[in-house]
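# Overview (structure and organization)
Each chain, written out:
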Amino acid sequence: GSYVGTCAGAYLATEGSFRNNKVSYRDVYLGVWPGYAHPTRLSKSYTKMTIARRSPLLRYYDFGGDRMVDSVRHNGGCYAMVAESGKLPKGTEVLARYKFSNTKRVKIDGEASVWAYKADENSGRVVMCGSHPEGVPQGERLQFMSAMMLYAMDGNAAPSVKGELKAGEVREMNKRTEDDDPAYTAIGDRQY
C-alpha cells in the first residue's frame, strides 16, 4: 500500500524533525521516508504551491495551466529538510514548492512543500504535504489533493503471496508479527 500525509501526517512519515539546529525523534514517527521535516513556523495562514515542471501530479490535472495552487490552508506544517549533504534522501521527488513572501520569522519560499518517495518496486509510495489541501469540496485545491492520492495509489506495489493453499490441506495462519514467521502470520496483523 501507499501513504499520503498532510501537515502532522507529513511529520509522521519522516525519521524525525529538525528544530533549533538539532534533530528531534519521537516514538510516533514512522520513518517511511528516510529524511527530516523542518517546521515552517507559519500558523493560521494560507500558502501558494508551485507545481514542479516535471511533477507527476501534472499527469492528473493541469491546475489552470499555470502550475499554481493558491490559498492552501497552513497551520504549523513542515517542508522537506535537506540532509547534511545538501541533498534530499535518494529517491525523493519534489512535487511542489512553497510560493510565499518570506518574513524574518518564516522563510519557506522555494522549499519542498510536497514530496514523494518509493523505496523500491516492492513498497508503496509515500506522498507528504506540509500544508492542508484536504477538505476542500471543489476547484484546484481539491484537484491538488486528488492528484496526491492518485500518485500515491499509482505507486502501490503488487501484494506478495504468502503461500498457496492446497485442497484438503489445513494451513493455520496463527502467528503474530513478533513471531517473525510471515508465511504463517495472521492476515490483518500488519500483513495483506
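Computed from a predicted structure; not experimentally measured. (Residues numbered from 1 in each chain as written. Predicted model: local features only at pLDDT ≥ 70, side-chain atom pairs only at ≥ 80, totals over all residues. Heavy atoms only, no water.)

## A word on the overall build of the protein chain
In terms of helices and strands, the protein chain carries two helices and ten strands. In sequence order, the protein chain lays out its α and β elements as β-α-β-β-β-β-β-β-β-β-β-α. Within the protein chain, buried positions represent 38% of all 192 residues. Long-range pairs, those at least 24 residues apart, make up 58% of the contacts in the protein chain with a sequence separation of at least 6. Accessible surface, the protein chain as shown: approximately 11400 Å² in total, 48% of it carbon and sulfur. In the protein chain, 27 positive and 22 negative side-chain charges are present, and the distance between their average locations comes to 10 Å. (Helix = DSSP H or I, 4+ residues; strand = E, 2+ residues; numbered from the N terminus. Buried < 20%, exposed > 50% of the residue type's maximum accessible area, 1.4 Å probe, protein only. Contact = heavy atoms within 4.5 Å. Areas by Shrake-Rupley, 256 points an atom, 1.4 Å probe, with all protein chains shown as cover. Lys, Arg positive; Asp, Glu negative; His and termini not counted. Charge placed at Lys NZ, Arg CZ, Asp CG, Glu CD.)

## What about unusual backbone geometry?
Here the phi dihedral of Lys44 falls at roughly 45 degrees; this positive angle occurs in a residue that is not glycine. Along the chain, Lys44 falls in the loop between strand S4 (36–39) and strand S5 (45–51). Positive phi outside glycine occurs at Ser71, with the angle close to 60 degrees.

## What about the sheet that holds strand S2 (residues 16–19)?
The strand order S3-S2-S4-S7 describes an open sheet built from four strands, whose pairing is mixed. Only two strands of the sheet have a single neighbouring strand rather than two, namely strand S3 (22–24) and strand S7 (78–81). Averaged over all pairs of adjacent strands, the angle between strand axes in this sheet comes to 40 degrees, irrespective of strand direction. (Pairing = 2+ DSSP bridges. Axes fitted to C-alpha atoms, helices over the stretch in contact; angles between N-to-C directions.)

## Some words on the packing of aromatic side chains
Enumeration over the complete set of coordinates arrives at three aromatic pairs. With a centroid separation of 5.5 Å and 55 degrees between ring planes, the pair formed by Trp33 and Trp115 is classed as tilted. With Trp33 in the loop between S3 and S4 and Trp115 in strand S9 (residues 112–118), this pair connects stretches of sequence that are 82 residues apart. Exposure class is identical for Trp33 and Trp115. Each is buried. Considering the side-chain rings of Phe63 and Phe144, the 6.2 Å spacing of their centres and the 85 degrees angle between planes classify their relative orientation as edge-to-face. Linking Phe63 in the loop between S5 and strand S6 (68–74) with Phe144 in helix H2 (residues 139–154), this pair joins segments that are 81 residues apart in sequence. Here Phe63 matches Phe144 in class, with each residue buried. Taken together, the ring pairs connect Tyr61, Phe63 and Phe144 into an aromatic cluster. When the ring centre of Tyr151 is taken as reference, the NZ or CZ atom of Arg125 above it lies at 3.8 Å. (Phe/Tyr/Trp six-rings, centres within 6.5 Å; stacked < 30°, edge-to-face > 60°. Lys NZ or Arg CZ within 6 Å of the ring centre and 35° of its normal.)

## Here's the deal with the pattern of salt bridges
Summed over all chains, the structure comprises one salt bridge. Arg176 is the salt-bridge partner of Glu178, the closest N and O atoms lying 3.3 Å from each other. Given the relative accessible area of 51%, Arg176 is considered exposed. (Salt bridge = Lys/Arg side-chain N within 4 Å of Asp/Glu carboxyl O.)

## Notes on the nonpolar core
Grouped together as the largest cluster of nonpolar side chains are 24 residues, with contacts concentrated most on Met49, Leu57, Val114, Val127, Phe144 and Met148. Residues in contact with Val114, not counting those within four places in the same chain, are Glu93, Val94, Leu95, Ala96, Val127, Met128, Cys129, Phe144 and Met148. (Core = buried A, V, L, I, M, F, W, Y, C linked by side-chain atoms within 4.5 Å.)

## Regarding the environment of Ser17
For Ser17, the location among the structural elements is in strand S2. Remark: the alpha-carbon pair of Ser17 and Ala80, spanning 63 residues in sequence, is separated by 9.5 Å. Filtering out sequence-adjacent residues up to four positions away, Ser17 remains in contact with Tyr11, Lys22, Val23, Ser24, Tyr29, Tyr36 and Ala37. A polar contact is formed between the side chain of Ser17 and the side chain of Tyr29, at a distance of 3.2 Å. (Polar contact = N/O pair within 3.5 Å; in protein donor to acceptor, adjacent residues only side chain to side chain.)

Just geometry here; none of it tells us what the structure is for.
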